[in-house]
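Listed below are the residues making up each chain.
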Amino acid sequence: KRNVSLVVYGMLERHEERNIAAARWLETMSRLGEAEGIKLPAVTWVNGAIVRDAAVGYPAWPLRHVSSITASLERLYIRALRFSAKQDAWPVMRGLVEEMDALCKRHQVPLVVTILEAAPEALARYESFLHDAKIRAINCTQVDLTTRRVPGDWHPNAEAQTLYAECVLAGLRTHGLAP
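Remember, predicted model here, so these are calculated numbers, not experimental data. (Residues numbered from 1 in each chain as written. Predicted model: local features only at pLDDT ≥ 70, side-chain atom pairs only at ≥ 80, totals over all residues. Heavy atoms only, no water.)

Caption draft 1: Main features of the state of the cysteines. If you walk through the whole model with that rule in mind, you get one disulfide. With its sulfur 2.1 Å from that of its partner, Cys-140 forms a disulfide with Cys-167. Disulfide Cys-140 to Cys-167: torsion about the S-S bond roughly -100 degrees, handedness left-handed. Within this pair, whereas Cys-140 is found in the loop between β5 (136–139) and α6 (158–174), its partner Cys-167 is found in helix α6, the two being separated by 27 residues in sequence. You'll find Cys-140 and Cys-167 in the same group, each marked buried. Of all cysteine sulfurs, the one in Cys-140 lies closest to Cys-104, which takes part in no disulfide; the gap is 18 Å. (Disulfide = S-S within 2.5 Å. Helix = DSSP H or I, 4+ residues; strand = E, 2+ residues; numbered from the N terminus. Buried < 20%, exposed > 50% of the residue type's maximum accessible area, 1.4 Å probe, protein only.)

Take a look at the structure:
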């Protein structure tokens, strides 16, 4: 058994698309992935509950690399297939955080949600939800990532990671969870 004293979840608005395996997320992973046919976990919201679906993959149709028509049809197909999942994005995100919170409470471990990236509307929604659910939150969206990303990638670079670490530490101190 491992002793866990704290769980910190780094929340990004794009996690909403990731959680439901939205078409745009699958397209991006397909472009970035080295192997075709990669499948990603997907979650949907059915009758007020989280349902973990079978992994979803971006199709790899024959001729996709030599025919723009095939590539376009492939893209339209996955967008149609995953279209209804878009409405589940926020309920799924909320439900997954509620699951994390319940699990942490069951094991008497504090949960802290650190909001790393979110547009103003999403940030307001996240902060309101976390406040109402009495889940500790740290807002680190003030870290400017404009020039602090890994080249060719959307991940924050070392400088941004340092700024995030400083923000998280300050937040943990505010919540009485760090010296």
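Caption draft 2: Representation of helix α5 (residues 120–132) in the model. The terminal C-alpha atoms of α5, which comprises 13 residues, lie 18 Å apart, in line with the 18 Å expected from a rise of 1.5 Å per residue. Downstream of α5 by one or two residues, Lys-134 has phi in the positive range, about 55 degrees. (Expected span 1.5 Å × (residues − 1).)

Caption draft 3: Just the pattern of salt bridges, in detail. Inspection of the entire model under this criterion finds nine salt bridges. Between Glu-17 and Arg-24 there is a salt bridge, with the nearest N and O atoms lying 2.9 Å from each other. Residue classification places Glu-17 among the partly exposed positions, given a relative accessible area of 22%. Note on Arg-24: relative accessible area 54%, which makes it exposed. One salt bridge connects Arg-79 with Glu-27, and the closest N-O pair in it is separated by 2.9 Å. (Salt bridge = Lys/Arg side-chain N within 4 Å of Asp/Glu carboxyl O.)

Caption draft 4: Highlighting the nonpolar core. Among the nonpolar cores identified, the biggest contains 15 residues, and Met-11, Val-97, Val-113, Tyr-126, Leu-130 and Ile-135 are the most heavily contacted of them. Breaking this core down by element, the ones donating at least two residues are β1 (7–12), α4 (89–106), β4 (111–117) and α5. Among the elements that take part in this core, α5 stands out by supplying five residues, more than any other. The residues contacting Leu-130, other than those within four sequence positions of it, are Val-97, Val-113, Ile-115, Ile-135 and Ala-137. (Core = buried A, V, L, I, M, F, W, Y, C linked by side-chain atoms within 4.5 Å. Contact = heavy atoms within 4.5 Å.)

Caption draft 5: How the structure looks around the packing of α4 against α5. Between α4 and α5, the least distance of the axes is 12 Å, while the angle of their chain directions is 35 degrees. Here α4 and α5 pass one another in a crossing that is right-handed. Between α4 and α5, the residues in contact are Trp-90, Met-93, Arg-94, Val-97 and Glu-98 and Arg-125, Tyr-126, Phe-129 and Leu-130, respectively. (Axes fitted to C-alpha atoms, helices over the stretch in contact; angles between N-to-C directions. Left-handed = near helix turned anticlockwise from the far one by under 90°.)

That's the geometry; what it means functionally is another story.
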